Amino acid sequence: MGSRVLVIGSQGFVGKALRSLLAERGTNPVGVGAPGTSADFEVDLTLPSYDPEALAERVGAVEGVIYLAARITRGSCVGAEARRNLTVIADAAVRTFEAFHDRYRAHFVFCSSIKVYGPSEQPLGPEVPVLRPEPYSYGSAKALAERLLVTSALRSGGQLAVVRPSFIYGPGQRADNAIPIFLSACFAGKAPVVFGHGRELRDDVLVRDVAECLAEACSRRATGVFNATGERSRTLFEVAELCCRAVETVGGPAGLHPVLDPSRPGKAWIDQRFDRTRTDAVLGCRATPLFEGLVEQARWMREQAAGQRGAAP
Amino acid sequence: MKVVVTGATGHLGRSVVERFARAGCAVVAVSRSGRAPEPPFGHPALPRMETLAVDLCSDAAVGALADALGPEVTLVHLAGSRPPGTSDSTRAARSALLDLDVMGTQRALEAASRAGVRAVIYASSAEVYGIPQTPDAVSEESATRPISDYGVVKLSGEDHLFAFAAESAVRAVALRFPAIYGPGERVSRALPSFLRAVAAGRVPVVSGDGSEQCDQVHAADAALAIERAATTDASGVFNVTDGEAHSVRALAATALEAAGLSGAPEHHPATKPCVGAHLSIERARRVLGFQPEVPLAEGMREQLAWLRASGEATA
């Protein structure tokens, strides 16, 4: 029988991909999700009354804990919503780490974000300390969590890995993100529209690659920081162009190219590039080329659409 | 100018309230108890000021604090649950830090966002740097790798401060203080424990060889830096110390001198590794025009006098 690994945030985009991957590899994933998500254990991590010791007792022995739970909010960086983010992402994470270390000596993998990095001319590697996170509560909360976990591990000797994914795309992604919006436009036969000048650099990583980094960090009991980023950063315009080619490849409308709409401001990306050498060397992972991942996502979207048409009365 | 000061009854808060009040500012002294801050030792009673009871650990704080703020008001946010340089954090202590220093700062900033403010000045800590990577004086560009929960929550407070500043287009300043000493300091750390020892006629006991750096700033100088930050148009992060490098050993020797005692400090084996950093205050001098005014020997003599007068020397 394979090892048991607890996945906290098991019902989300990354959580689903991670559970599938762990199961494929003969690991037994045990899921924790918010109430109403049909996870193995439903727990509301936004409540200050969240009791990780009680959860550890109910769950039983696990070799590892992979912590993904987060709320993605795009509202104000201050306010009740931002504070709930801090509770789920930082406070609950460090208390969970300690409870499962105390009871089972479980290895802990924290899924952070590249949003903890600040602007930099140089490629950002894991040795770069957490800089000034971008001004949304998500990045600030991930930064707080990483730092709290470090001081806690210094005290307890607990084993800890931090994985920092970039923008995560792939089958299962919510429709209101750049890549699904570009792909949907292409399927509808329309040129995808890129706001602003389209030259902002961004790094996209396939959801399965993130799951693989998390799973490897857990099974190898790796410690330290790992960038879970794509093969390289690209401009938003390039990403849109690749979306056009991916849709064409799976049999969708051909000959489309993105168009710029300079009248609407582009999003203020921080133009970062990342170094994932340590991830490849220590975890033995490889980044899927963006085009391959986009073809996979386009194929999935087409199947979803076909399924919905088939299900219609 | 109107200034709203959170943490107004604390060691630093009292000096800050005094400085602004004597400069003729309208001051609202905010604390959990709502008590009027005592004037610092040896100073006359403070001019009239408003007081406001706000518990930043509760969401009700947002509305209550917002009522005192407005577009012409400067918010000086000092409230925190532990002074720097004190003992190692426990899980219970961390929980208090998260409640007040992280969530409390969030609530203070939400109030500022709701009411609008002229500027926010935030008391951060030298503990955000952790163990210095080079022997050079630590500048504001140095890497931040806190090894204490206190350093972690203060750095998180800075993150929220500058995120708020970007979102609301408000001027924001974070001042990174080392241990703040001066009359009224009641925490247990090297400098006050050396003074308590000499006040009782004993020699100070130094852990290890005492060669590690231990920056200091007098509460009056910390308050001066806050006033400079409030009255200039600067923004960003600034180190604020007395501008001198002090070793722990030198603090012990200064304590002996302050008490007029002869002899040398005793050295006991260190129970934990001693780490310390020396911060550069060049940016604060250049941009804020900050010039520290209280030399260490003078400040320690003043603190010793307070210890003796207040009866705290034997506590």
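Sequence positions are assigned chain by chain, starting from 1 and proceeding in written order. Numbering of ligands from 1 and lettering of chains from A proceed in the order in which they are written. pLDDT decides what is reported in this predicted model: residues at 70 or higher carry local features, side-chain atom pairs at 80 or more are listed and counted, and totals for whole chains, interfaces and linings draw on all residues regardless. Heavy atoms throughout the structure, all of them, feed into the side-chain values; hydrogens and water do not.

### With respect to the overall build of chain A
Phase 1 of the analysis: Strands here are runs of E lasting at least two residues and helices are runs of H or I lasting at least four, both read from the DSSP assignment and numbered beginning at the N terminus. Of regular secondary structure, chain A possesses nine helices and 13 strands.
Phase 2 of the analysis: We compute the radius of gyration from the C-alpha atoms alone; for a globule the expected value is 2.2 Å times N to the 0.38, where N is the number of residues. For 313 residues, the compact-globule estimate of 2.2 N^0.38 gives 20 Å, and chain A sits close to it at 20 Å.
Phase 3 of the analysis: Judged by the C-alpha coordinates and their principal axes, chain A covers about 60 × 50 × 40 Å.
Phase 4 of the analysis: Taken over 313 residues, chain A has a buried fraction of 55%.
Phase 5 of the analysis: For this analysis, residues touch if any pair of their heavy atoms sits within 4.5 Å. Restricting the contact set of chain A to residue pairs at least 6 apart, pairs at least 24 apart contribute 78%.
Phase 6 of the analysis: In these tables, accessible area is a Shrake-Rupley quantity obtained with a 1.4 Å probe, and a residue counts as shielded only by the protein chains included in the view. Accessible surface, chain A as shown: approximately 12900 Å² in total, 53% of it carbon and sulfur. Only protein chains enter the calculation, and the probe is 1.4 Å; a residue is then buried if its accessible area is under 20% of its type maximum, exposed if over 50%, and partly exposed in between.

### A closer look at the interface of chain A and chain B
Phase 1 of the analysis: Contacts between chain A and chain B engage 31 residues on the former and 33 residues on the latter.
Phase 2 of the analysis: Once two parts are put together, the accessible area they lose, assessed with a 1.4 Å probe and summed over both, is termed the buried area. Summed over both sides, the interface of chain A with chain B buries roughly 2600 Å², with 55% coming from carbon and sulfur.
Phase 3 of the analysis: We count a salt bridge whenever a side-chain nitrogen from Lys or Arg sits within 4 Å of a carboxyl oxygen from Asp or Glu. The shortest N-O distance in the salt bridge between Asp59 of chain B and Arg83 of chain A comes to 3.2 Å.
Phase 4 of the analysis: Here a polar contact is taken to be a pair of N or O atoms separated by no more than 3.5 Å, where protein atoms must pair a possible hydrogen donor with a possible acceptor and residues adjacent in sequence count only if both atoms sit in side chains. The interface formed by chain A and chain B includes twelve residue pairs in polar contact (both at pLDDT 80 or more).

### Let's talk about unusual backbone geometry
Phase 1 of the analysis: Look at Ser38 of chain A: it is not a glycine, yet its phi comes out positive at around 65 degrees.
Phase 2 of the analysis: Tracing the chain through its elements places Ser38 of chain A in the loop between β2 (28–33) and β3 (41–42).

### Side note on the sheet that holds strand β1 (residues 2–6) of chain B
What links the strands of a sheet is backbone hydrogen bonding, and the strands pair in either a parallel or an antiparallel sense.
All names here are of chain B.
Phase 1 of the analysis: Pairing between strands requires that DSSP locate at least two bridges from one strand to the other. In space, the seven strands of this open sheet follow the order β3-β2-β1-β4-β5-β6-β10, with parallel pairing throughout. Each edge of the open sheet is held by one strand with a lone partner, namely β3 (50–53) and β10 (236–239). Strand-to-strand, the axes of this sheet are offset by a mean angle of 20 degrees, without reference to chain direction.
Phase 2 of the analysis: Direction of pairing for strand β2 (residues 26–31) relative to β3: parallel, over a ladder of four bridges. With axes taken as lines fitted to C-alpha atoms, and helix axes fitted only over the stretch in contact, angles between N-to-C directions fall between 0 and 180 degrees.

### Let's talk about the packing of aromatic side chains
Residues and elements named next belong to chain A.
Phase 1 of the analysis: The criterion for an aromatic pair is that two Phe, Tyr or Trp rings (for Trp, the six-membered ring) have centres within 6.5 Å, with stacked assigned to planes under 30 degrees apart, edge-to-face to planes over 60 apart and tilted to the rest. Scanning the model with the defined rule gives five aromatic pairs over all chains in all.
Phase 2 of the analysis: Here Tyr67 and Phe110 contribute two aromatic rings whose centre-to-centre distance is 6.1 Å and whose plane-to-plane angle is 25 degrees, an arrangement assigned as stacked. Of the two residues, Tyr67 is situated in strand β4 (residues 64–67) and Phe110 in strand β5 (residues 107–111); the sequence distance between them amounts to 43 residues. Phe110 matches Tyr67 in its accessibility class, with the two residues each being buried.
Phase 3 of the analysis: The structure contains a cluster of three or more aromatic residues connected by ring pairs, namely Tyr67, Phe97, Phe108 and Phe110.
Phase 4 of the analysis: Stacked on the ring of Phe167, the Lys or Arg Arg202 has its end atom at 4.6 Å from the ring centre. Only lysine NZ and arginine CZ atoms are considered, and such an atom sits over a ring when it is within 6 Å of the ring centre and within 35 degrees of the ring normal.

### Some details on the pairing of β2 of chain A
Each regular strand shows side chains that alternate between the opposite faces of the sheet.
Residue and element names in this part refer to chain A.
Phase 1 of the analysis: Across the six residues of β2, five count as buried, placing the element largely inside the fold.
Phase 2 of the analysis: As defined by bridge partners, strand β1 (residues 4–8) adjoins β2 across five bridges and the pair is classed as parallel. Among the inter-strand pairings, Leu6 is bridged to a residue of β2, identified as Val30.
Phase 3 of the analysis: As paired elements, β2 and β3 share two bridges and run parallel to each other. Note on β3: the bridge partner recorded for Gly33 is Glu42.

### Here we look at the pattern of salt bridges
Note on pairing: side chains with opposite charge can pair once their charged atoms come close.
Phase 1 of the analysis: On inspection of all chains with the given rule, the structure shows 35 salt bridges over all chains.
Phase 2 of the analysis: Sharing partners across several salt bridges, the network here consists of Arg83 of chain A together with Asp59, Arg107, Glu110 and Arg114 of chain B.

### Some points on a nonpolar patch on the surface
Phase 1 of the analysis: The residues that make up patches have over 30% relative accessible area and no salt bridge, and they are joined within 9 Å when like-charged or within 5 Å when they are Val, Leu, Ile, Met, Phe, Trp or Tyr. Among the surface-exposed residues, Val150 and Leu154 of chain A together with Ile131 and Ile147 of chain B lie close enough to one another that they form a single nonpolar patch of about 340 Å² accessible area.
Phase 2 of the analysis: Here Ile147 of chain B lies in the loop between β5 (119–125) and α4 (149–168).
Phase 3 of the analysis: Classification of Ile147 of chain B as partly exposed rests on a relative accessible area of 39%.

### Overview of the packing of helix α7 (residues 248–258) of chain B against helix α9 (residues 296–310) of chain B
All names here are of chain B.
Phase 1 of the analysis: Direction vectors running N to C along α7 and α9 enclose 60 degrees, while the axes themselves pass 9 Å from each other. Classified by the interaxial angle, the pair formed by α7 and α9 is oblique. Of the two elements, α7 crosses α9, and the hand of that crossing is right-handed. For the pair α7 and α9, the contacting residues are Leu251, Thr254, Ala255 and Ala258 in the first and Leu296, Ala297, Met300, Arg301 and Leu304 in the second.
Phase 2 of the analysis: For the contact of α7 with α9, the class distribution of residues is seven nonpolar, one polar and one charged. Any angle that falls under 35 degrees is termed roughly parallel, while one over 145 is termed roughly antiparallel, one within 65 to 115 roughly perpendicular, and all others oblique. Here is the rule for handedness: rotate from the far helix to the near one, and if that takes an anticlockwise turn smaller than a right angle the crossing is left-handed, while a clockwise turn gives right-handed. In this classification, the charged set is Asp, Glu, Lys and Arg, the nonpolar set is Ala, Val, Leu, Ile, Met, Phe, Trp, Tyr, Cys and Pro, and all remaining amino acids, among them Gly, are polar.

### Focus on the packing of helix α5 (residues 190–199) of chain B against α9 of chain B
All names here are of chain B.
Phase 1 of the analysis: Where α5 contacts α9, the two axes come as close as 10 Å, and the packing angle between them is 60 degrees. Here α5 lies oblique to α9, going by the angle between them. The way α5 lies across α9 gives a crossing that is right-handed. Judged by residue contacts, Leu191, Pro192, Leu195, Arg196, Val198 and Ala199 of α5 engage Leu296, Met300, Gln303, Leu304, Leu307 and Arg308 from α9.

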